[in-house]
Amino acid sequence: MNDIVNKPSVTGDEKTDMLRAAIEHRATWFCLLLEQIKEKGLDPEEIARKAVYECGLFHGADKLDRCADSEDLREFLKVFADENTRKVFEMEVVENTKDKLYIDFHYCPLVAAWKKLGMPDEALPLLCDIAMDGDRGICAKMGYDFKLGKVIAKGEGICEIRIDRGRE
């Protein structure tokens, strides 16, 4: 695994910094909750994956209701990643057509929180993948295919989110 580089390129925007702090806060309690589950002798990965995916399905239903045309990923982008979310994660929309939404994230406040907690780099890919189950749930609810390429948590410098329309 490469060294994890995860520094925001833009700071000082009060709203963006506040949203990043809120996401870091959630990532902190998520990680600490998993540690408590493990201490109780239960499988934290199994429990967390199910819960986070269910959360994604819940939010996917809301996005489905708010999306002007769920058959068009250009419309989905508007409810999936608004301007504030794009700033927080330093998102770069690589491709956005009716059938494809490809986004690269250049910063992750979740990874920042886990690093602040002192989590070893080796633990971050699993934490990240569990967190991504929320996006998997959203996409499943919308009827989209979700793929995760490179990830910041593996030291790959960016998170590549690839969403394709195509399931009928």
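Look above for the structure.
To keep things clear, this report deals only with the structure shown in the data block. The numbering scheme is per chain: residues are counted from 1 as the chain's sequence reads. Restriction of local features to residues with pLDDT of at least 70 applies here, the model being predicted, together with a cutoff of 80 or more for giving and counting side-chain atom pairs; totals for whole chains, interfaces and linings are based on all residues. Note that the side-chain values use all heavy atoms of the structure and ignore hydrogens as well as water.

### Focus on the sheet that holds strand β2 (residues 100-105)
Part 1 of the argument: In this description, strands pair whenever DSSP reports at least two bridges between them. By the criteria applied, helices consist of DSSP H or I runs no shorter than four residues and strands consist of E runs no shorter than two, each listed in order from the N terminus. Read from one edge of the open sheet, four strands run β1-β2-β4-β3, paired in antiparallel fashion. Bordering the open sheet on either side are β1 (91-96) and β3 (144-148), each of which pairs with just one other strand. The average angle at which neighbouring strand axes cross in this sheet is 15°, direction not considered.
Part 2 of the argument: Alignment of β1 against β2, held across five bridges, turns out to be antiparallel. Paired with V93 across the strands is I103, a residue of β2.
Part 3 of the argument: Here, two residues are considered to be in contact whenever any of their heavy atoms come within 4.5 Å of each other. Helix axes use the C-alpha atoms of the stretch in contact, all axes being lines fitted to C-alpha atoms, and the angles between their N-to-C directions lie in the range 0 to 180 degrees. Those strands touched by helix α6 (residues 124-142) are β3 and β4 (159-165), and its axis lies near 160° from that of β3.

### Here's the deal with the nonpolar core
Generally speaking, nonpolar side chains in soluble globular proteins are found buried as a group.
Part 1 of the argument: Counting 44 residues, the largest nonpolar core has F76, W114 and I163 as its most contacted members.
Part 2 of the argument: Listing elements by their share of this core, those giving two or more residues are α1 (14-39), α2 (44-66), α3 (73-80), β2, α5 (109-116), α6, β3 and β4.
Part 3 of the argument: Per element, the largest residue contribution to this core is eight residues, and it comes from α6.
Part 4 of the argument: F76 has contacts with K63, C67, L101, I138, M142, Y144 and I163, leaving out every residue within four places of it along the chain. Here, nonpolar core refers to any group of buried Ala, Val, Leu, Ile, Met, Phe, Trp, Tyr and Cys residues whose side-chain atoms link them within 4.5 Å. A simple rule labels every residue: compare its accessible area, found with a 1.4 Å probe on the protein chains alone, to the largest value its type can have, and call it buried under 20%, exposed over 50%, or partly exposed in between.

### What to know about the packing of aromatic side chains
Part 1 of the argument: Pairing of aromatic rings covers Phe, Tyr and Trp, the last counted by its six-membered ring, and requires centre-to-centre distances within 6.5 Å; plane angles under 30 degrees mean stacked, over 60 mean edge-to-face, and any other angle means tilted. Evaluation of the coordinates by the stated rule reveals four aromatic pairs.
Part 2 of the argument: On the numbers, 6.3 Å between centres and 40° between planes, the contact of F30 with W114 is tilted. With F30 in helix α1 and W114 in helix α5, this residue pair connects regions lying 84 residues apart in the sequence. This pair shows no difference in class: F30 is buried, exactly as W114 is.
Part 3 of the argument: Considering the side-chain rings of F76 and F80, the 5.1 Å spacing of their centres and the 25° angle between planes classify their relative orientation as stacked. A residue pair is termed a helical-turn pair when its members lie 3 or 4 positions apart in one helix, as F76 and F80 do in helix α3 at four residues.
Part 4 of the argument: For F80, a relative accessible area of 11% gives the class buried.
Part 5 of the argument: Grouping aromatic residues by their ring pairs yields a cluster made of F76, F80 and Y144.

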